[in-house]
Amino acid sequence: MKKILILGGTWFQLPAIQYAKSQGYYVITCDYLPSNPGHKYADEYHNVSTTDKEAVLFLAKTLRVDGILCFASDPAAPIAAYVSEQLGLPGNPYDKVCLLGEKHLWRQFLESNGFHVPKSKSYICYSDISLDEWKYPVMVKPVDSSGSKGITKVCNKQDISAAFEYALSFSRKKIIIIEEYIEKVGPQIGGDGFYGMDHLEFVCYGEQVVDNNITGYVPCGMKFPAQLPSSLKERITKEIEHVIFLSGLRNLSFNLEVMIDKSGCIYIMELGPRNGGNCIPEVIQNYTGVNMVALAVEAALGNTLPIHISKKDHNFAYYALHSSVSGIYRGYQITTDFSGKLNKAYIFIEEGTEIGVFLGSNQTIGILLLEFETRLDMDLFFDNPCNFIKVNVI
């Protein structure tokens, strides 16, 4: 029986844990939260932080695992790479995974290889910033946070200091990046894909949705399929395939974020070296029939799977249940006007829990997996979700 160590036991890792168990693998999970729901499905759980690379290495070595998997978690991706490299397990080199996972390294790599990239600089100290060198607005971000936490659009230099400190509070490495603001055309493109040994084997594009009544930078949903002209879709796919080839990463499950500007230039803003959070792999499977979870688990054990696409005529999405006000969560209701279908609901908190305004993924109440017969129905829902799903907060 092969042993696999899965980093984390949240709702987002649960599909990987369940798949691995269904295949007869011995599943070990670890993180610092014993109450996470995925652990009760594992064969073993260890209270070891997924960001402590030496502790995870010791655990994996002691247990003699055959593979290690980071699934839907940015902070754990470099740890999985470090351990697999040290123990000779299937995986990608640590430095190459860090390249994709840290914004300042990623921007430098893109620029050095001739891709479109916003002007950017990284900083450790606020005093190092030359405020007058920037044309405002700019984006201020931690280089290594996840779930859009710590990001601010800054419209004048007087607000850089507060944005810097806010970003710093979400950075493990305590490095901040300032970058040129890109005026995108249309929605930001997201999704997941899989790159094999020498080519891009699969990619699926969706349209990211944000709640502009709160913030324009925290995704609260994604609609599949993305409505892209075939020529633009082909260009994006070629750029993603080329940039992964140049990175040297192989057998890679990845999450993507792409912007298009008014000149038609493609900006690969993020290429996360792991599957997307917010249940994106499940939504993609509902739409295309491709089991992204299986691809990731098997790759972590050195196995390959054939990819068969069987797209459905319906439209699919996830919606991040959230609140525009702080208070005590008292459940949610779907109104009778809702024209879609709720395929699955992952609710992360219990009624009576204190919640905050949706300024980052850490304030997500839960994830709803939705299905719509028509694109019009899906678009009408996302035009104003609160007309159809009511979150009760007191």
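Just above sits the structure.
Residues numbered from 1 in each chain as written. Predicted model: local features only at pLDDT ≥ 70, side-chain atom pairs only at ≥ 80, totals over all residues. Heavy atoms only, no water.

Looking at the overall build of the protein
When helices and strands are tallied, the protein shows 10 helices and 19 strands. Its C-alpha radius of gyration of 20 Å places the protein within 12% of the 21 Å reference for a compact globule of 394 residues. Here the C-alpha coordinates of the protein stretch approximately 55 × 55 × 45 Å along the principal axes. A burial count over the protein gives 53% of its 394 residues as buried. For the protein, the proportion of contacts with a sequence separation of at least 24, taken over those separated by at least 6, is 65%. (Helix = DSSP H or I, 4+ residues; strand = E, 2+ residues; numbered from the N terminus. Rg over C-alpha atoms; globule rule 2.2 N^0.38 Å. Buried < 20%, exposed > 50% of the residue type's maximum accessible area, 1.4 Å probe, protein only. Contact = heavy atoms within 4.5 Å.)

Considerations on the packing of helix H2 (residues 53-63) against helix H3 (residues 77-87)
At a minimum axis separation of 9 Å, H2 and H3 run at an interaxial angle of 45 degrees. As far as their axial angle goes, H3 and H2 are oblique. The way H2 lies across H3 gives a crossing that is right-handed. In this structure, H2 uses Lys53, Glu54, Val56, Leu57, Ala60 and Lys61 to contact H3, whose residues at the interface are Ile79, Tyr82, Val83, Gln86 and Leu87. Per-class residue counts for the contact of H2 with H3 are seven nonpolar, one polar and three charged. (Axes fitted to C-alpha atoms, helices over the stretch in contact; angles between N-to-C directions. Parallel < 35°, antiparallel > 145°, perpendicular 65-115°, else oblique. Left-handed = near helix turned anticlockwise from the far one by under 90°. Nonpolar A, V, L, I, M, F, W, Y, C, P; charged D, E, K, R; others polar.)

Some remarks on the packing of aromatic side chains
Enumeration according to the criterion identifies 14 aromatic pairs in this entry. Note on Phe338 and Phe372: the rings are 5.8 Å apart at their centroids and 75 degrees apart in plane angle, and the pair reads as edge-to-face. With Phe338 in the loop between strand S15 (327-334) and strand S16 (341-347) and Phe372 in strand S18 (residues 366-372), this residue pair connects regions lying 34 residues apart in the sequence. Residue class for Phe338 comes out buried when judged on its relative accessible area of 12%. Through pairs of rings, three or more aromatic residues link up here, namely Tyr319, Phe338, Phe372, Phe381, Phe382 and Phe388. Lys3 extends its terminal NZ or CZ atom over the ring of Tyr26, reaching a point 5.8 Å from the ring centre. (Phe/Tyr/Trp six-rings, centres within 6.5 Å; stacked < 30°, edge-to-face > 60°. Lys NZ or Arg CZ within 6 Å of the ring centre and 35° of its normal.)

Let's talk about the side chain of Asn36
Among the structural elements, Asn36 can be located in the loop between strand S2 (26-31) and strand S3 (44-47). Of the residues examined, Asn36 reaches a relative accessible area of 14% and is grouped as buried. Non-local contacts of Asn36, meaning those with residues more than four positions away in its chain, are made with Gly9, Thr10 and Asp31.

Examining the pattern of salt bridges
Close approach of charged atoms lets side chains of opposite charge pair. In total, this model carries 14 salt bridges according to the counting rule given. Lys173 is the partner of Glu102 in a salt bridge, and the nearest nitrogen-oxygen pair spans 3.7 Å. On the criterion of sequence distance, the pair formed by Glu102 in the loop between helix H4 (94-101) and helix H5 (103-112) and Lys173 in the loop between helix H6 (160-168) and strand S8 (176-180) is long-range, its members being 71 residues apart. Looking at Glu102, the relative accessible area reads 9%, which means it is buried. One salt bridge in this structure joins Lys238 and Glu234, with 3.3 Å as the shortest N-O distance. (Salt bridge = Lys/Arg side-chain N within 4 Å of Asp/Glu carboxyl O.)

Observations regarding the sheet that holds S18
Strand order in the open sheet formed by eight strands is S13-S12-S9-S10-S11-S14-S18-S16, and the pairing between neighbours is antiparallel. The sheet terminates laterally at strand S13 (266-272) and S16, the two strands that pair on one side only. Ignoring which end each strand starts from, the neighbouring axes of this sheet average 25 degrees apart. Both strand S10 (residues 200-210) and strand S11 (residues 219-224) contribute to a ladder of four bridges, which runs antiparallel. The partner of Glu207 across the bridge, within S11, is Lys223. Here helix H8 (residues 280-288) sits on the sheet and contacts strand S9 (189-195), S10, S11, strand S12 (252-260), strand S14 (315-321), S16 and S18; the angle it forms with S14, its principal contact strand, is near 160 degrees. (Pairing = 2+ DSSP bridges.)

What to know about the nonpolar core
Considering soluble globular proteins, one finds that nonpolar side chains tend to be buried as a cluster. Core analysis: the biggest nonpolar cluster contains 59 residues, and Ile4, Leu69, Val297, Tyr319 and Phe381 have the highest contact counts within it. In terms of residues, this core owes the most to one element, helix H9 (residues 292-300), which gives eight residues. Leave out the neighbours within four places in its chain, and Val297 touches Ile4, Ala16, Tyr19, Ala20, Tyr25 and Leu69. Within the second largest apolar cluster, 49 residues are counted, among which are Ile28, Val48, Val56 and Ala226. (Core = buried A, V, L, I, M, F, W, Y, C linked by side-chain atoms within 4.5 Å.)

Here's the deal with the sheet that holds strand S19 (residues 389-393)
Read from one edge to the other, the open sheet built from three strands follows the order S17-S15-S19, with strand pairing classed as antiparallel. The strands lining the two open edges of the sheet, one partner per strand, are strand S17 (354-355) and S19. Pairing geometry for S15 and S19, over four bridges, is antiparallel. By the bridge assignment for S19, Tyr332 is matched with Val391.

Remarks on helix H1 (residues 14-22)
All of the buried residues along H1 are Leu14, Pro15, Ala16, Ile17, Tyr19 and Ala20. Turning to H1, the residues buried within the fold contact strand S1 (3-7), S2, strand S4 (67-70), H8, H9 and S16. Just beyond H1, the residue with positive phi is Gly24, at close to 85 degrees.

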